[in-house]
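Structural characterization, general
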Amino acid sequence: MLEINLNKTPLRWLYLLNVLIILGSILLCCILLLLRLPGLELFGVSPNWLLIWVVVWSVKRSVWRGAVAGIALGLIHDALTSPHPSHVLSLALVGILTASLRKQRYAREDFIIIALIVFVMVIVTETILALQFSLTFINPLENIRQYYQYRILSSATISSIWAPVLYYPLNIWWENLQKIERSKTKLGKTKIKGK
Amino acid sequence: MYRWWDKYGWKTTLTILALSVAWLLKQTQATAIAETYYFLVSPFQSQQQLLLENKLTNARILQLEQRLNELEQQNKQFKELLDYAAAQPRSAITAPIIGRSADIWWNQITLGKGSKDGVAKGFIVNGIGGVIGRIIQVTPHTSRALLISDPHSRVGAVVTRTRHPGFIQGKNSQTAVMHFFTQVVDVRAGDTITTSSLSYLYPAGLPIGQVKSVNFEKGPAPEAEIELNVPIDLLEWVVIQPFSPKVEIK
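In this text the structure is predicted, and so the values were computed from the model without any measurement.

Our next topic: the nonpolar core. Judged by nonpolar contacts, the single largest core of 56 residues is most densely connected at Trp53(A) and Ile76(A). Secondary-structure elements contributing two or more residues to this core are α2 (11–34), α3 (49–58), α4 (63–80), α5 (88–100), α6 (110–136) and α7 (145–194) of chain A together with α1 (2–27) and α2 (31–41) of chain B. Residues contacting Trp53(A), with those up to four places away along its chain left out, are Ile22(A), Ser25(A), Ile26(A), Cys29(A), Ala69(A), Leu73(A), Leu166(A), Leu170(A) and Trp174(A).

Residues and elements named next belong to chain A. Two elements in contact, α2 and α3, have axes separated by 8 Å at closest approach and are oriented at 150°. Accordingly, the angle class assigned to the pair α2 and α3 is roughly antiparallel. Side by side, α2 and α3 meet where Ile22, Ser25, Ile26, Cys29, Cys30, Leu32 and Leu33 of the first sit next to Trp49, Leu50, Trp53 and Trp57 of the second. Taken together, the residues of the contact of α2 with α3 break down into ten nonpolar, one polar and no charged.

Our next topic: unusual backbone geometry. All names here are of chain B. Positive phi outside glycine occurs at Gln29, with the angle close to 55°. A positive phi is found at Ala30, a non-glycine position, where the angle reads about 55°. Following the sequence through the fold, Ala30 ends up in the loop between α1 and α2.

Residue and element names in this part refer to chain A. As enumerated under the stated definition, the model contains six aromatic pairs over all chains in all. Ring geometry for Trp57 versus Trp174: centroids 5.4 Å apart, planes at 80°, classification edge-to-face. Highlighted residues: Trp57 in helix α3 and Trp174 in helix α7, separated in sequence by 117 residues. The same class applies to Trp57 as to Trp174, namely buried. Arg61 extends its terminal NZ or CZ atom over the ring of Trp57, reaching a point 3.8 Å from the ring centre. Above the plane of the ring of Trp174 lies Arg61, whose end atom (NZ or CZ) is 4.2 Å from the centre.

Right, let's talk about the interface of chain A and chain B for a bit. Taken together, the contact between chain A and chain B spans 37 residues of the former and 37 residues of the latter. Here chain A packs against chain B, burying approximately 3,400 Å² in sum over the two surfaces, 69% of which is carbon and sulfur. For the pair chain A and chain B, the number of links is zero salt bridges. On the surface where chain A and chain B come into contact, there are five residue pairs in polar contact (both at pLDDT 80 or more). A total of ten residues in the side of chain A that touches chain B trace back to one element, the largest contributor, which is α4(A).

With that out of the way, let us pick up the pairing of strand β3 (residues 124–127) of chain B. Within a regular strand, side chains alternate between the sheet's two faces. All names here are of chain B. On β3, burial covers both faces: Ile124 and Asn126 on one face and Val125 and Gly127 on the other are all buried. Strand direction decides the pairing type here: β3 and strand β4 (residues 130–138), joined by four bridges, are antiparallel. Considered in β4, the bridge of Ile124 is made with Arg134. Between β3 and β4, which pair antiparallel one after the other, the connecting turn spans two residues, and Gly129 there sits at a positive phi close to 115°. Strand direction decides the pairing type here: β3 and strand β12 (residues 237–241), joined by three bridges, are antiparallel. Residue Ile124 lies in a different strand from β12, and its bridge partner there is Gln241.

It is worth spelling out the confidence of the model for chain A at this point. Residues at a pLDDT of 70 or more form 83% of chain A, whose mean pLDDT is 79. Taking the mean pLDDT of every element in chain A, the minimum, 60, falls on helix α1 (residues 2–8) of chain A and the maximum, 89, on α3(A).

Before going further, it helps to examine the sheet that holds strand β1 (residues 93–100) of chain B. Spatially, six strands are ordered β1-β2-β5-β4-β3-β12 (chain B) in a closed barrel, and the strand pairing comes out antiparallel. Between one strand axis and the next, the sheet turns by 45° as a mean value, whatever way the strands run.

Residue and element names in this part refer to chain A. Take Gly39: it is sitting in the loop between α2 and α3. For the pair formed by Gly39 and Ile158, sequence separation is 119 residues and the distance between their alpha carbons is 9.3 Å. Not counting the four nearest positions on each side in its chain, Gly39 is found in contact with Ile158 and Trp162.

Residue and element names in this part refer to chain A. Viewed as axis vectors pointing N to C, α4 and α5 meet at an angle of 155°, and their least axial separation amounts to 7 Å. Here α4 is positioned roughly antiparallel relative to α5, judged by the angle of their axes. Taken as a pair, α4 and α5 cross one another with a handedness that is right-handed. The segment α4 lies against α5, with Val63, Gly66, Ala67, Gly70, Ile71, Leu73, Gly74, Leu75, His77 and Asp78 engaging Val88, Leu91, Ala92, Gly95, Ile96, Ala99 and Ser100. A breakdown of the residues in the contact of α4 with α5 according to their chemical character gives ten nonpolar, six polar and one charged.

Conventions used here
- Residues numbered from 1 in each chain as written.
- Chains lettered and ligands numbered in written order.
- Predicted model: local features only at pLDDT ≥ 70, side-chain atom pairs only at ≥ 80, totals over all residues.
- Heavy atoms only, no water.
- Core = buried A, V, L, I, M, F, W, Y, C linked by side-chain atoms within 4.5 Å.
- Buried < 20%, exposed > 50% of the residue type's maximum accessible area, 1.4 Å probe, protein only.
- Helix = DSSP H or I, 4+ residues; strand = E, 2+ residues; numbered from the N terminus.
- Contact = heavy atoms within 4.5 Å.
- Axes fitted to C-alpha atoms, helices over the stretch in contact; angles between N-to-C directions.
- Parallel < 35°, antiparallel > 145°, perpendicular 65-115°, else oblique.
- Nonpolar A, V, L, I, M, F, W, Y, C, P; charged D, E, K, R; others polar.
- Phe/Tyr/Trp six-rings, centres within 6.5 Å; stacked < 30°, edge-to-face > 60°.
- Lys NZ or Arg CZ within 6 Å of the ring centre and 35° of its normal.
- Buried area = accessible area lost by both parts, 1.4 Å probe.
- Salt bridge = Lys/Arg side-chain N within 4 Å of Asp/Glu carboxyl O.
- Polar contact = N/O pair within 3.5 Å; in protein donor to acceptor, adjacent residues only side chain to side chain.
- Pairing = 2+ DSSP bridges.
- pLDDT = per-residue confidence, 0-100.
- Left-handed = near helix turned anticlockwise from the far one by under 90°.

The following block contains the structure:
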């Protein structure tokens, strides 16, 4: 239904809509990051929405685009918390790792795979951040290590639970966009040949 | 060159654009996002609940303010007797908590009052029961506070009973650890802790919490576990108190 309607709109408008959807979803993630709603938190920890966005973005894209998204969202995450230590490194790595995973083999079980990737990636990013913390701070966070382990695990769990919520609509949109794009470019080519 | 541009031109432009926008956001400390957040969230705050909360908070604040006034009056008279010149106090600002920390490493809160309401960097944030943090960033309608329960925040503190100085480091949302400067310390469970006059970032004498337990084995100096007075997780309103830190804040 959606596809049929969209098929008639010119590609230029679809691209504009795509940009709006990308920016809107990032803004939504930033806002959700600051909110604490019942069901959206586990022991006071809310999902790492920006990380979920990077995973959803880079799961079907090239390594390069994953890295760029990671860097950009890392900068935004820095702005929302504190730039010391920076989130750029860890989120860029998430983009690169997610994009370079070989997912063709289990393409059927999309949701579970996304949830799993997010779970692992949260642990990877938070470990990197922990290392960055231990390098930058004079007084290492010794007496609170256990507290953070607990928080990292809660964050990983709640993030992987909520990941499909962001993945489902964005994935449908991008897949449809790709289909339309392909059909239109094919159509264009045959027209040129016909001439 | 033209070929290269045809092939990669758009990609390069978009990449540079995305990165520069993100960089801009970072440089402005996400002011745009914080402001959008404020305007999106504010209609959803239940007004009835807010009014009730406000009334309750105001009543309590009024009571405290009146007591404070009384004490201040007395203090003023004593100080006048001692020929002591004190700076004129400025009025406090009540603000709602509209957001919590954006990742697991920081204990921060976003408040619904900003520079338009007179909030500035370095102001002190108080909850019912004592001090909870200080303002580290301000946008026109919001401000962000670093809580004393944050592991990266250090507050100069003193044991009220014995005046032994130390500093407090956050541990988790409800407890903090007090590190003392000397090896021999007279402190026991139940002692109250307040901010010390040696603190650069906080005014002296604000209540922080109570000693839960003391670890005398810890080297080089003993450590005490402090239970914070204010239930920060349950708090919805705070009072921002104007204060100019003794050091310049970046």
